[in-house]
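A structural walkthrough
As a plain string of letters, each chain reads:
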Amino acid sequence: MTTRHDALDRVSNLFRRQFGNAPQSRAYAPGRVEVIGNHTDYNGGTVVGAAVEQGISLAARLRDDGVIRLYSDVQSSDGVIETTWEAYAEADLAEWTRYPLGVIDEARLRAWSSEPFGLELAISSTLPVGIGLSSSAALEMAVAGALANLLFAPEAQPSRGLLVESAHRAENRFVGMPCGLLDQSVVGFARENGLVVLDAAINRSMSLPLPSNVRFVLFRSHISHALVDSPYEKRHRECRDALLGLERFMPGIRHLARLHPADLDAYASVLETRLALRARHVVHEQRRVGAFLSAINSGDLAAAGACLTASHDSSRAFFDNSTPELDALVAAANAQPGVLGARLSGGGWGGSVVAMVTEEFEEKQAELICDSYEQLFEIRPHWWQTSAAAGMISESV
Ligand code: ADP
Ligand code: MG
């Protein structure tokens, strides 16, 4: 297995090849997997994630002429993309450059540097793009870490929280993707063999140790979010309407995820059936996140895994955000030894399934799960496995 150290060496070499000199700073940022907390984030609830072993490495060097040059090995056909401090915000460049340029723009707005700067960035990645491992947040956090290193003295480095916030704002504002804070929080705060627990009502996170024999296996269904007309916005509206409906009877409630199940039982009949089901999913999912965290705390891995599978069942039955493909992957995974539980990961309607496993789970088991999926859908899913990895690191060289 390649280590982060190897990955950083490789990106230094890539940097030298592309730009003809040595980098001054390097960063490595992992992707992340959403472990549990389905549609809880915009309902003021809790979401749990872990960093994965795969990630993005980045090497950087300041230029004093205001020229900005970007190269990514997964976009190698674009070659080196060039712009300037004056022009980048309006320049018509490849879409992927919005992510690094967004972080540069945040640094500019936050006056990380008293004067204009130019930059060379080389990016190298082992992270599959667009499958819910959050390559976008990894890229933003790697840029934020390297930039902080270049622009601040070692004793004056900005806090992790500030880097996370800058990366998140870059994605919201410069890329134009209104995502929650989970992705950047996990990439920023993850510890090896640890979970990151984000309270989305206040955007604060904490980390929780995970036994080192626990691993995550991700199976990618062949249904991508882009191919289905994602009802994400619709669910968002339904949750808001459910909250508004309940608020008439419980004045002052602000977040669906903070309701007690007994309150929901008392008043759910005022909601139309569909809204009552959506509310039920969110309220109980928040409870499941709590039960999952307690189970991890007390070392009861079987109970923790059962929360993942219960989360999936609730998605399917009450939130209507699963698909036959995801259901099949969850069922096939749960039939294998070493699988503690499995659920759809991310918004749903396609995308990936995450299984939480112990050392009993071997490659052979993953292949069997893929076999049974292939029999049903005549296409073989991709899969990855990972331990819970550490978050972003950056260093001067
Ligand atoms: P996810 O974050 O789930 O992987 P997103 O759609 O949020 O999916 O982000 C993917 C986008 O991030 C890519 O389309 C690309 O623009 C950018 N990106 C991710 N990794 C890289 C990389 N190594 N080099 C260049 N751009 C990247
Ligand atoms: Mg993303």
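Residues numbered from 1 in each chain as written. Chains lettered and ligands numbered in written order. Predicted model: local features only at pLDDT ≥ 70, side-chain atom pairs only at ≥ 80, totals over all residues. Heavy atoms only, no water.

1. Considering helix α1 (residues 4-19)
Here α1 spans 22 Å end to end across 16 residues, near enough to the 22 Å set by a 1.5 Å rise per residue. Along α1, the residues that are buried comprise A7, L8, V11, S12, L14, F15 and F19. All buried residues of α1 project into a common sector of 165° when viewed along the axis, lining one side. Turned more than 90 degrees off the buried face of α1, the exposed positions are H5 and R17. In this structure, the buried residues of α1 make contact with β1 (25-36), β2 (46-63), β3 (67-72), β5 (118-125) and β12 (393-396). Just beyond α1, the residue with positive phi is G20, at close to 80°. (Helix = DSSP H or I, 4+ residues; strand = E, 2+ residues; numbered from the N terminus. Expected span 1.5 Å × (residues − 1). Buried < 20%, exposed > 50% of the residue type's maximum accessible area, 1.4 Å probe, protein only. Arc of directions from axis to C-beta. Contact = heavy atoms within 4.5 Å.)

2. Things to note about the site of ligand 1
As a matter of local geometry, ligand 1 sits amid 16 residues, with S72, G130, S134, S135 and S136 nearest to it. Measuring from a nitrogen atom of ligand 1, one finds a side-chain N or O atom of S72 at 2.7 Å. S135 is positioned such that a nitrogen or oxygen atom in its side chain is 2.6 Å from an oxygen atom of ligand 1. For the shell around ligand 1, the secondary-structure elements that each account for two or more residues are β5 and α3 (135-151). By residue number, the principal contributor to the shell around ligand 1 is α3, which donates three residues. Split into classes, the residues belonging to the shell around ligand 1 amount to seven nonpolar, eight polar and one charged. (Near = heavy atom within 4 Å. Polar contact = N/O pair within 3.5 Å; in protein donor to acceptor, adjacent residues only side chain to side chain. Nonpolar A, V, L, I, M, F, W, Y, C, P; charged D, E, K, R; others polar.)

3. A word on the nonpolar core
Residues L147, L195, F216 and F292 are the most contacted members of the largest nonpolar core, which totals 80 residues. If you tally residues by element for this core, the top one is α3, at twelve residues. The contact partners of F292, leaving out residues within four places of it in the chain, are V35, I36, V48, L195, A304, C307, L308 and M356. Residues V217, A332, V353 and A366 belong to the second largest nonpolar core, which totals 19 residues. (Core = buried A, V, L, I, M, F, W, Y, C linked by side-chain atoms within 4.5 Å.)

4. A few points about the pattern of salt bridges
Scanning all chains against the criterion turns up 25 salt bridges. Among the salt bridges present, the one from R63 reaches E120, with a minimum N-O distance of 2.6 Å. Placement of the pair is R63 in strand β2 and E120 in strand β5, with a sequence separation of 57 residues. Assessed through its relative accessible area of 3%, E120 is described here as buried. By sharing partners, the salt bridges in this structure join R235, E238, E272, R274, R278 and D320 into a single network. (Salt bridge = Lys/Arg side-chain N within 4 Å of Asp/Glu carboxyl O.)

5. Observations regarding the sheet that holds strand β10 (residues 352-357)
Taking strand neighbours across the sheet as the criterion, the four strands line up as β9-β10-β8-β11 in an open arrangement whose pairing is antiparallel. Of all the strands in the sheet, the pair left with one neighbour each is β9 (339-345) and β11 (382-387). Recorded for the sheet is a direction-independent mean angle of 20° between the axes of neighbouring strands. In this structure, strand β8 (residues 215-220) lies alongside β11, joined through six bridges in antiparallel fashion. Looking at β11, one finds that V217 is bridged to Q385. Across the sheet, helix α9 (residues 301-319) touches β9 and β10, and the angle it forms with β9 is around 30°. Set on the sheet, helix α11 (residues 363-377) makes contact with β8 and β11; between it and β11 the angle comes to about 150°. (Pairing = 2+ DSSP bridges. Axes fitted to C-alpha atoms, helices over the stretch in contact; angles between N-to-C directions.)

6. Observations regarding unusual backbone geometry
Positive phi, close to 55°, is recorded for H39, a residue that is not glycine. Along the polypeptide, H39 turns up in the loop between β1 and β2. Within the chain, N203 stands out as a residue other than glycine whose phi angle is a positive 55°. Its location among the elements puts N203 in the loop between β6 (194-199) and β7 (204-209). Note on N203: relative accessible area 39%, which makes it partly exposed.

7. So, the side chain of R343
On the secondary structure map, R343 appears in strand β9. The exposure class of R343 is buried, given its relative accessible area of 0%. At 3.1 Å, the side chain of R343 and the side chain of S311 are in polar contact.

8. Topic: the packing of aromatic side chains
Within the structure shown, the criterion is met by eight aromatic pairs. Between the aromatic rings of W112 and F152, the centroid separation amounts to 5.6 Å while the plane-to-plane angle is 70°, which identifies the pairing as edge-to-face. With a gap of 40 residues between them, W112 in the loop between α2 (98-109) and β5 and F152 in the loop between α3 and α4 (160-175) connect regions that are remote in the sequence. Take F152: its relative accessible area is 22%, and that puts it in the partly exposed class. Through a chain of ring-to-ring contacts, three or more aromatic side chains come together here, namely W85, Y88, F117 and F174. Directly above the aromatic system of F174 lies the positively charged group of R98, at a separation of 4.0 Å from the ring centroid. (Phe/Tyr/Trp six-rings, centres within 6.5 Å; stacked < 30°, edge-to-face > 60°. Lys NZ or Arg CZ within 6 Å of the ring centre and 35° of its normal.)

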